[in-house]
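Observations on the model geometry
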Amino acid sequence: MKRLTAAVLVLLAWAAPVQANGWEHNAIPFAALVAALAGEDAFLRGQAAFSLGVRGEARAVGPLLARLQAPEPAPGVRRAIYRSLGGIGDARAIDALRQALASETREELRAEAVEALGRIGTGDALPAVLGALADDPSIVVRSRAVDALGGFGDPRAVAVLSALALGDGGQALRPRAVRALGRTGAAAAAAPLLTVLEGARSDRLRLDAIDALARLGAPEARPVLEALLAAADDPVMRVRLTVALSRVRDGSAFATLVGLLADPLPAVRYFALDGLIRSGDAVAAGQIGALYGSVAGTLAARDPVAVLDDPGPALADLGLMMAALRALLALDPSAGLDAFLDGAAPRAFPRDSAAGLALAEGAYELRRLALVGLGYTGAGAAATALVEGGALSDPDPRLRAAAVRAIGVLGFPGAAGAILPALDDTSGDVRRMVAVVLGRLADARVVAALMAALDDPHAGVRREAALGLGYLGDARARSALEWRAEADADAAVRAAARASLGLLD
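Throughout what follows, the structure given in this document is the object of discussion. Fair warning: this is a prediction, and the values are worked out from it, not measured in the lab.

**Some details on helix α10 (residues 139–149)**
Val141, Ser143, Arg144, Ala145, Val146, Ala148 and Leu149 are the residues of α10 that are buried. At its buried positions, α10 is contacted by α8 (107–120), α9 (126–135), α11 (155–165) and α12 (174–184). Measuring from the backbone nitrogen of valine 140 back to the side-chain oxygen at the start of α10 gives 3.1 Å, which picks out serine 138 as the cap.

**A short note on the nonpolar core**
Soluble globular proteins tend to bury their nonpolar side chains together. Counting residues in each nonpolar core, the largest one holds 174 residues, and the members touching the most others are Leu64, Leu273, Ile288, Leu325 and Leu481. Looking at this core, the element that brings in the most residues is helix α21 (residues 312–331), giving eleven residues. Here isoleucine 288 is in contact with Leu261, Leu273, Leu276, Ala324, Ala327, Leu328 and Leu331, once residues within four sequence places are set aside.

**Here's the deal with the environment of serine 479**
With respect to the helices and strands, serine 479 occurs in helix α30 (residues 478–487). Sequence separation between serine 479 and proline 29 is 450 residues; the distance between their C-alpha atoms is 42 Å.

**What about the packing of helix α27 (residues 428–438) against helix α29 (residues 459–472)?**
Running from N to C, α27 and α29 cross one another at 10°; their axes reach a closest spacing of 8 Å. Overall, the two elements α27 and α29 adopt an arrangement that is roughly parallel. Residues Gly428, Arg431, Arg432, Ala435, Val436 and Leu438 of α27 form the contact with α29, whose participating residues are Gly460, Val461, Glu464, Ala465 and Leu472. For the contact of α27 with α29, the class distribution of residues is six nonpolar, two polar and three charged.

**Overview of the side chain of aspartate 208**
Secondary-structure assignment places aspartate 208 in helix α14 (residues 203–216). A distance of 3.1 Å separates the side chain of aspartate 208 from the side chain of arginine 179, its partner in a polar contact. Excluding residues within four positions of it along the chain, aspartate 208 makes contact with Pro175, Val178 and Arg179.

**Some words on the layout of surface pockets**
Taking a probe equal in size to a water molecule and rolling it over the atoms shows the remaining empty space. Quantified by volume, the largest pocket comes out at close to 290 Å³. Lining the largest pocket are 17 residues; nearest its centre among them are Arg347, Arg351, Ala360, Tyr364 and Leu399. No other element matches the five residues that helix α23 (residues 354–377) contributes to the lining of the largest pocket. For the lining of the largest pocket, the per-class residue count stands at nine nonpolar, one polar and seven charged.

Criteria and thresholds
Residues numbered from 1 in each chain as written. Predicted model: local features only at pLDDT ≥ 70, side-chain atom pairs only at ≥ 80, totals over all residues. Heavy atoms only, no water. Buried < 20%, exposed > 50% of the residue type's maximum accessible area, 1.4 Å probe, protein only. Helix = DSSP H or I, 4+ residues; strand = E, 2+ residues; numbered from the N terminus. Contact = heavy atoms within 4.5 Å. Polar contact = N/O pair within 3.5 Å; in protein donor to acceptor, adjacent residues only side chain to side chain. Core = buried A, V, L, I, M, F, W, Y, C linked by side-chain atoms within 4.5 Å. Axes fitted to C-alpha atoms, helices over the stretch in contact; angles between N-to-C directions. Parallel < 35°, antiparallel > 145°, perpendicular 65-115°, else oblique. Nonpolar A, V, L, I, M, F, W, Y, C, P; charged D, E, K, R; others polar. 1 Å grid on protein atoms, 1.4 Å probe; cavity = no way out; pocket = protein on both sides within 12 Å on 5 of 7 lines; lining within 4 Å. Points joined across faces, edges and corners; volume = space filled by probe spheres on them.

And the structure:
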């Protein structure tokens, strides 16, 4: 046990400052964390409790509750346990969190407990949150209780938050109540939020109400939001109103969003495009293509020296162009052929400064997205651009792989022959993509090439070649697949070969 605890201490000390996506915490064995949670070192117990919360596994609830009942003497450890119980969201923790609200003398611990109850968000947790809001002497706890009510769609929570948002109980909790109403997701929250919006005397409260309405996506908010947008001069207000309109869930803001594609503010146009994607209505594809062309023309006309001195506007142009391509890809790729062809053309920026590197990265992302989009246009011009436009020989292997995939999606006559030479590419990722595509083109002429790819040094290439041979169903591949199924050094390749042999049978 001592060796186990010491090892966990080292791991936790390394992992604690880094949250990221939780890999560091998930990499520690669950049993080791439970052992550390029961250990003598308070720092180690706290870090173990934190890691268990990051992992979010229901099986951690028992050990966490047991640590509380031990009892746990260290306030910092109890705080980590409350936070983790809320993050896991298991109703088994409700009684312990209620007890914490009743017994903890430190306000920050009660605040953590009430927030955890809100994250659990079940009806059984609601009375304790309402009780803390009504009775706790600490404004810190009452504030967190208001936040926690946003986790409940229950009419009781909505009613309390509505009263607070309309000013009942003073101004201290009002902005929090407005924001929490948006998080409830309740249809009944729209009316009080609209009342707040129409009567708000401060821009801060007005913006909070707009953001809350955006979360709700309430159709009844659209006329008010559109009227405010028509009268708004402040850029921040215009952007937030556009975001809210883009989230209106019944599609009734469609015409307004199309009109906003001509707005002078890049951020307004960006979020209007986002809303049009949400609408799923391809009618706007023509206007989106026109927007792309206009912004691309603006970017091309910018002075190269000025762009490096002040890259912000050019980066905004690239961002808008990418947003337009994403919208066209989602709504009607065929209507965006000209935009995809333009986006797939190389744009060079010097890489000897931070500004140049940022612009070059934006240009790369634009080109990659355009290459992907070309595959879905179904156009002969797209095939010509992909095969003859230099993408298959681009210095960046990621772009070469994107071009190979796009050729596969197009599936035009001669597609297999166009990409066969790339089976000798220096990049394993490109060769893997070629194997993926060849296996799906249903062209028996590629069988020999895929059989040769079974000897590729890159296991990913061998796996995709094995799968492709199974999809093609050609008996000539049987002996080669049988050998790979038994002797390949990589388990995934062996499994793929066995699966393909099953397809041949």
